[in-house]
Amino acid sequence: MSSTPAGSPRIQSGPSHEQLVEVVVRAQKGSFDDFQKLYDLYARAIYNFIWKLVGSTEDAEDLTQETFLKVHSELRRLRDPSQFRFWLYRIARNEVYQKLRRKQRSSEVSIDDEEVSYYNFLPDQSPDLDPERQVLSQELQDVIGKALRDLPVKYRDVFVLAVFQNMSYEDITKVVGRSLLSVKTDIYRARLAVKEAVNKYTRKRP
Amino acid sequence: MNCRKMRTDIIALLDESLGEVPASRIRQHLQSCPACFHFYEEQRNLDRLLKSEPQLDLPVRIWEGIESRLLSRPAPAPPLRWFGALFEWANFRYAFASAILLVIVSVAVFRVTVTPRPEDEQLLAEIRAYQVEVLGNPFLKEIGRENPFYAFGLRGGKNPFNSVRSTK
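Not measured: the values here are computed from a predicted model. (Residues numbered from 1 in each chain as written. Chains lettered and ligands numbered in written order. Predicted model: local features only at pLDDT ≥ 70, side-chain atom pairs only at ≥ 80, totals over all residues. Heavy atoms only, no water.)

Peer 1: Before we move on, could you go through the confidence of the model for chain A and cite the residues and values that matter?
Peer 2: All names here are of chain A. Of the residues in chain A, 78% have a pLDDT of 70 or more, and the chain-wide mean is 81. Note that pLDDT drops below 50 for residues 1–5; the model gives that stretch 15 contacts with residues more than four away or on any other chain. Below a pLDDT of 50 lies the segment residues 109–129, which in the model reaches 49 contacts outside its immediate sequence neighbourhood of four places, other chains included. (pLDDT = per-residue confidence, 0-100. Contact = heavy atoms within 4.5 Å.)

Peer 1: For the side chain of Lys99(A), give the residues involved together with the corresponding values.
Peer 2: Residues and elements named next belong to chain A. Of note, Lys99 is situated in helix α4 (residues 84–105). Under the relative-accessibility criterion, Lys99 is labelled buried at 18%. When residues no more than four places from it in sequence are discounted, the contact partners of Lys99 are Asp59 and Leu63. (Helix = DSSP H or I, 4+ residues; strand = E, 2+ residues; numbered from the N terminus. Buried < 20%, exposed > 50% of the residue type's maximum accessible area, 1.4 Å probe, protein only.)

Peer 1: I'd love a proper account of helix α1 (residues 3–14) of chain B, names of residues and values included.
Peer 2: The terminal C-alpha atoms of α1(B), which comprises 12 residues, lie 16 Å apart, in line with the 16 Å expected from a rise of 1.5 Å per residue. Among the 12 residues of α1(B), nine are classified as buried, and the element is accordingly described as predominantly covered. For α1(B), every residue scored as buried is listed here: Met6(B), Arg7(B), Thr8(B), Asp9(B), Ile10(B), Ile11(B), Ala12(B), Leu13(B) and Leu14(B). Considering only its buried residues, α1(B) is in contact with α7 (169–176) and α8 (180–204) of chain A together with α2 (20–32) and α3 (34–51) of chain B. Backbone geometry just after α1(B) places Glu16(B) at a positive phi near 55°. (Expected span 1.5 Å × (residues − 1).)

Peer 1: Describe the state of the cysteines, and please don't skip the residues or the numbers.
Peer 2: Residue and element names in this part refer to chain B. If you walk through the whole model with that rule in mind, you get zero disulfides over all chains. Left without a disulfide partner, Cys33 is nearest to the cysteine sulfur of Cys3, which lies 3.6 Å away. Free of any disulfide, Cys36 has its nearest cysteine sulfur in Cys3, 3.5 Å distant. (Disulfide = S-S within 2.5 Å.)

Peer 1: I'd like to hear about the interface of chain B and chain A, residue by residue, with values.
Peer 2: Taken residue by residue, the interface counts 36 residues in chain B and 49 residues in chain A. With both chains or domains summed, chain B and chain A bury close to 4,100 Å², and 59% of this area falls on carbon and sulfur atoms. Taken together, chain B and chain A are joined by six salt bridges. Across the pair Asp15(B) and Arg191(A) runs a salt bridge whose closest N-O atoms are separated by 2.9 Å. Taken together, the connections running from chain B to chain A amount to 12 residue pairs in polar contact (both at pLDDT 80 or more). Of all the secondary-structure elements, those providing two or more residues to the side of chain B that touches chain A are α1, α3 and α4 (60–71) of chain B. (Buried area = accessible area lost by both parts, 1.4 Å probe. Salt bridge = Lys/Arg side-chain N within 4 Å of Asp/Glu carboxyl O. Polar contact = N/O pair within 3.5 Å; in protein donor to acceptor, adjacent residues only side chain to side chain.)

Peer 1: Tell me about the environment of Arg90(A), and please be specific about residues and values.
Peer 2: Residue and element names in this part refer to chain A. Note on placement: Arg90 falls in helix α4. Here the alpha-carbon distance between Arg90 and Thr67, two residues 23 residues apart in the chain, equals 9.5 Å. Within the local environment of Arg90, its side chain forms a polar contact with the backbone oxygen of Lys174, the two atoms lying 2.6 Å apart.

Peer 1: Can you break down the packing of aromatic side chains residue by residue, with the values?
Peer 2: Taken as a whole and judged by the stated rule, the model has 11 aromatic pairs over all chains. For the ring pair Tyr39(A) and Trp63(B), a centre distance of 4.8 Å and an interplane angle of 45° mean the geometry is tilted. With Tyr39(A) in helix α2 (residues 32–54) and Trp63(B) in helix α4, the pair connects residues from two separate chains. Overall, Trp63(B) belongs to the buried group, its relative accessible area being 10%. On the basis of an interplanar angle of 55° and a centroid distance of 6.3 Å, the ring pair of Tyr188(A) and Phe39(B) is categorised as tilted. With one member in each of two chains, Tyr188(A) in helix α8 and Phe39(B) in helix α3 form a pair that bridges those chains. Three or more aromatic residues joined by ring pairs make a cluster, and in this case those are Phe32(A), Phe35(A), Tyr39(A), Phe68(A) and Trp63(B). (Phe/Tyr/Trp six-rings, centres within 6.5 Å; stacked < 30°, edge-to-face > 60°.)

Peer 1: Any details on the nonpolar core? Residues and values, ideally.
Peer 2: Residue and element names in this part refer to chain A. Within the largest apolar cluster, 80 residues are counted, with the highest numbers of intra-cluster contacts made by Phe84 and Ile172. A per-element tally of this core places α2 first, with 12 residues. In this structure, Phe84 is in contact with Val24, Leu38, Tyr42, Val71, Leu75 and Leu78, ignoring residues within four places of it in sequence. (Core = buried A, V, L, I, M, F, W, Y, C linked by side-chain atoms within 4.5 Å.)

Peer 1: A description of the environment of Cys3(B) should follow, citing residues and the corresponding values.
Peer 2: Residues and elements named next belong to chain B. Its place among the elements puts Cys3 in helix α1. Given the relative accessible area of 23%, Cys3 is considered partly exposed. The spacing of Cys3 and Cys36 is 33 residues in sequence and 6.8 Å in space, taken between C-alpha atoms. For Cys3, the residues in contact, after removing those within four places along its chain, are His29, Cys33 and Cys36.

Structure below.
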């Protein structure tokens, strides 16, 4: 588990926008090395994005793989290389939606199933926390995870993009294809729901 | 100011997705409205809580799976040099086919309408000869004026395709 917190600053280190576009163009022409560079740049963010939406690392791994396989096969159809990042997130989001629909159709684990836990593999190992606080932290993480799972999918994806992927609302509209007002409203509702879940938890604690 | 309506903008301010002018307006409002300021503080604390959660590391097996699946795929057929590469360009393909079709149709229409066929040229020569003959004969000229072919500009007026015509 990495110690890098979610929602890192919007100004990312790495290649400049122009360099990134060049990498995308070369990957479009068939350069496998450049495709791997794109994977190295974006895969972790995509993996975490998918994980937040589906709540399972196994599913997140499969879906991340499917996302990048689709990127590899469809990359030539991307008309504007500068929009690669939004296009990538759209593919990832669509893969998640398809997975969720398949699960619901086959009556497998539902997206709202109580047994699916985001955080049962993530004990907080910080040496500064005493065991009781570690348990508290774990419980709170579970509460947040459940609150995310309980959100309608259309609130969940914009909320995850805004809070955990640190994406601007304008960029989010390019990913989800909804208006700015719709995105703002859905993020607001998602925050209220998550906040309410956290409040309920803290009220129950002695 | 309607505080309820401003809540979405307060969230947008937290998410750094508000323009400078509305952001400045919100900040001013927060300084004067305790309820909205309390809401802002609550959401900011929630933000800190959410963003303190660490991200997962990327499992190596994801790339290994991608690599093995891509390398096991059959290699695509090489493009046909520059023309094949051009033809593979998805958008250009359809435009190119349409342009070819347009050129073919244009040439065909041009040849049919502008350039007479040899048999048509012969017919035209006969019509011209007939016109000269009619023009030169005042009696036939009189008949020509009552003939419907006169309306189409044939000065002789007589239908050159009919061998017998009734006259006045």
